[in-house]
Amino acid sequence: MVADESQTAVPSIDTRRLVDRPLVLCYYFAALAYLVISMLGGILMALQLVRWNVLEGIEWLSPGRWRMVHTNAVAYGFLANAFLGTLHWAIPRLSLRPVLSRSLSWFIFWAWQFIVVATAAGLVLGPSLQAEPWVVKLASRWHIPLSVGAQALEWGETPFWIDPLALLGLALVAVNFMAPIVRTPGPMYVSLWYFMAAFVWTFLTYAMGNFLPEYVVPGTSAGAIAGLFIHDLVGLFVTPLGWGLMYYFVPIMLKKPIWSHGLSLVGFWGLAFFYPLQGIHHFLYTPIPMFLQYGAVISTIAVELVVTTVIINFAGTLWGRGRDFWDNLPIRWFYTGMVFYFLTCLQCALQVTLTFQKLIHFSDWVVGHAHLVMFGVFSMWLFGVMTYLFPRLLDRQWASRALCEWHYWLSAGGILVMSSDLILAGIFQGYWWAALLPWDVSVMGSRPFWIIRLVAGLCMAAGVVCFLINIAWTARAGSRAADR
Amino acid sequence: MFESKGGVLLIGGLGFFLLAFLANGVVPILLYRHIPEKTAEEVVNRRILYQFEELSRRYPESFEAAFGEVSVQTCAEALRLGRQVYISEGCWHCHSQYVRPVSNESRRWGDVSRSEEYQNELQRPVLFGTRRVGPDLSREGSRHSNDWHAVHFFQPTLVSPDSPMPRYQWLFDGSPDRPNRRGLALITYIQWLGSWLDSYPYYEDLQELEQEDF
Ligand code: HEM
């Protein structure tokens, strides 16, 4: 298997020359910088909800705008950068060939940072320009709902003029990485299936979501497309890249192959078929026709079965090596993420039913779910990958194992508390609303939950601070690594 | 096929994506294509013109500077700008715009949402929303007066003491009785929501509109 080859490095190939290490490092630093910004945005919004926001009344610190920065910085700043960096490590080593072009890679890096910064600037400063005569003139001249601020598409708030640039960027990313993959002879390793599919899906998803509901169809049909977009962005961009990395790193670290190749096949093809069919489950009980809503619900439940096979496969891989869960930090990050993944999917199979939807839709339950997936699963996996790669990229060992542990426990504990707290809050909110109590009852009743969420969020942020300190120490003073 | 590049790219990557797009995207588009899409001018109605006029009398100087005079044209302009403010300030992440047929929502807010309501320029992309920190706004029009909204946007806690809704002081020139262009537009947009419905539902202190003025 290819993964094993890269492990025992065929003598004629120097893996050091395959991977552009400074590039991977730059991607990671950018990713962590946006993670910090995003978390600050989250904390600002959390403070606002419990009315402890002392910065209220400052236009460019408006919590509404920063909530959008929060989600966009996480998706396009943190996750995308961390994935791109890791792919620059994994794909050349899997295919034993460098990416198409080193300078193209660096161009993409800078172009992507421009896109993320421009998005953040647009979200924060754009609204202030809205009533400026030149903006109004442009808007009426072109007669489109033109905005220098956000667009009304969740996760696609990116100001309209950035959309085509981002799409071009995604196309370049695909070309750059596909070059080594297509030149690899023979059948491909599991990770490469996921990566290849993800390049196609991400491009198509982005194009669909950022252009159709804005320029082609309005209303309910636009809602159906928007649902598909939110869903595919998680399911066809983040999820396949995440699982592809798991199929790559877990066997390397455990030094044994994945338990069952058959189950890997079921997992990939099951995801590819069922996942995209579920977009409408984000808008149940809207005017979207009921038969489409039922279809989305059923395929959602189907994909949870597929997920179970993937989890079984990875549990089988770890079987007999339970000790590694405690001793091997990246493995611990990975498998914790997988436990959360299973929990999220279990939660999803419940919440997608119309019975649950009546109660929990619009409530904090959904926010709890979102954090469980994005932080509990994908951020955990990426932290694991970074914990594994930083020593190799910097050629040193971690300066402090204790800080690594703090990072892990603060993150794992924080997300567990945050998501269970919000899920519980959601149930309460649902009942308060359905009971027709005055709205204030639900707002005041949520306060204790929101305070706990704030504390849990601060723990998660503290975990990241530990990580950053550790990286700084390692880069400055760490001892030279003995291993590779 | 299942492990080959062609299979993964064409069947998994392209094929399944298109299948889902057909099923989840194209079907609703075809189902609703016969409902004509209205422009902002076409959705201006007597009720919102009444509110717009009221704004022009209550805040004459601000209104004059922002929109000049009351007309279908300027009202549509205000709706467009108001919607932009609503989007870019992130109101739609705390307020939804659809009433579901379950959980007593139609008793709290009024008629269950229908597709026709969303078939207009101001729902591109649609503002269904996914979170309710505050109440649904799709039937908000005329539930409160214009000056209530002005005070509420200036500082929500003045009228709703426990509100976690942020202040929007930059929609005003210093005080709640001087809304600027963006502020007037936002109030117009909020008052427009639900104004196309025949009936206004049960709510705290609902007052019927006086329509004789038109
Ligand atoms: C410092 C830690 C964090 C805090 C305090 C925090 C807080 C928040 C708050 C207050 C919201 C708005 C919820 C609402 O509308 O009611 C939110 C939304 C969201 N956050 Fe965070 N967050 C944190 C970290 C993260 C991280 C690291 C991620 C992803 C990796 C993340 C992903 C999301 C997502 C996806 C949403 C949108 C939820 C939805 O619309 O359903 N958050 N967060």
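One can find the structure itself at the top, above this paragraph.
Residues numbered from 1 in each chain as written. Chains lettered and ligands numbered in written order. Predicted model: local features only at pLDDT ≥ 70, side-chain atom pairs only at ≥ 80, totals over all residues. Heavy atoms only, no water.

**Section: the site of the ligand**
Right, on to step 1. The immediate surroundings of the ligand are formed by 24 residues, with Arg67, His70, Glu154 and His371 of chain A together with Arg131 of chain B found nearest.
Right, on to step 2. Looking at the residues close to the ligand, they fall on chains A and B.
Right, on to step 3. One of the side-chain N or O atoms of His371 of chain A is found 2.7 Å from a nitrogen atom in the ligand.
Right, on to step 4. The contact in question runs from an oxygen atom of the ligand to an N or O atom on the side chain of Arg131 of chain B, over 2.8 Å.
Right, on to step 5. If you list the elements that add at least two residues to the shell around the ligand, you get helix 3 (21-49), helix 4 (63-95), helix 15 (364-394) and helix 17 (439-477) of chain A.
Right, on to step 6. Broken down by element, the shell around the ligand gets its largest block of residues, eight residues, from helix 15 of chain A.
Right, on to step 7. Residue composition of the shell around the ligand, grouped by class: 13 nonpolar, six polar and five charged. (Near = heavy atom within 4 Å. Polar contact = N/O pair within 3.5 Å; in protein donor to acceptor, adjacent residues only side chain to side chain. Helix = DSSP H or I, 4+ residues; strand = E, 2+ residues; numbered from the N terminus. Nonpolar A, V, L, I, M, F, W, Y, C, P; charged D, E, K, R; others polar.)

**A short note on the pattern of salt bridges**
Right, on to step 1. Enumeration according to the criterion identifies 23 salt bridges over all chains in this entry.
Right, on to step 2. Between Glu105 of chain B and Arg100 of chain B there is a salt bridge, with its nearest N and O atoms 3.0 Å apart.
Right, on to step 3. With relative accessibility at 5%, the residue Glu105 of chain B sits in the buried group.
Right, on to step 4. You can call Arg100 of chain B buried: its relative accessible area is 2%.
Right, on to step 5. The partner of Glu105 of chain B in a salt bridge is Arg132 of chain B, with the nearest N and O atoms 2.9 Å apart. Linking Glu105 of chain B in helix 6 (residues 105-109) with Arg132 of chain B in the loop between helix 6 and helix 7 (146-154), this pair joins segments that are 27 residues apart in sequence.
Right, on to step 6. Here the residues in one salt-bridge network are Glu59 and Arg65 of chain A together with Glu89 and Arg182 of chain B, joined through shared partners. (Salt bridge = Lys/Arg side-chain N within 4 Å of Asp/Glu carboxyl O. Buried < 20%, exposed > 50% of the residue type's maximum accessible area, 1.4 Å probe, protein only.)

**Remarks on the nonpolar core**
Right, on to step 1. Formed by 163 residues in total, the largest nonpolar core has its most connected members in Trp243 and Phe334 of chain A.
Right, on to step 2. With 22 residues, the top contributor of residues to this core is helix 9 (residues 219-254) of chain A.
Right, on to step 3. In this structure, this core is formed jointly by two domains, domain 1 (1-34) and domain 2 (40-212) of chain B, each of which donates at least three residues.
Right, on to step 4. Among residues more than four places away in sequence, those in contact with Phe334 of chain A are Met246, Phe249, Val250, Met253, Trp381, Gly384 and Val385 of chain A.
Right, on to step 5. Grouped together as the second largest cluster of nonpolar side chains are 50 residues, Ala150 of chain A together with Val44, Leu171 and Leu184 of chain B included. (Core = buried A, V, L, I, M, F, W, Y, C linked by side-chain atoms within 4.5 Å. Domains from an automatic or database assignment. Contact = heavy atoms within 4.5 Å.)

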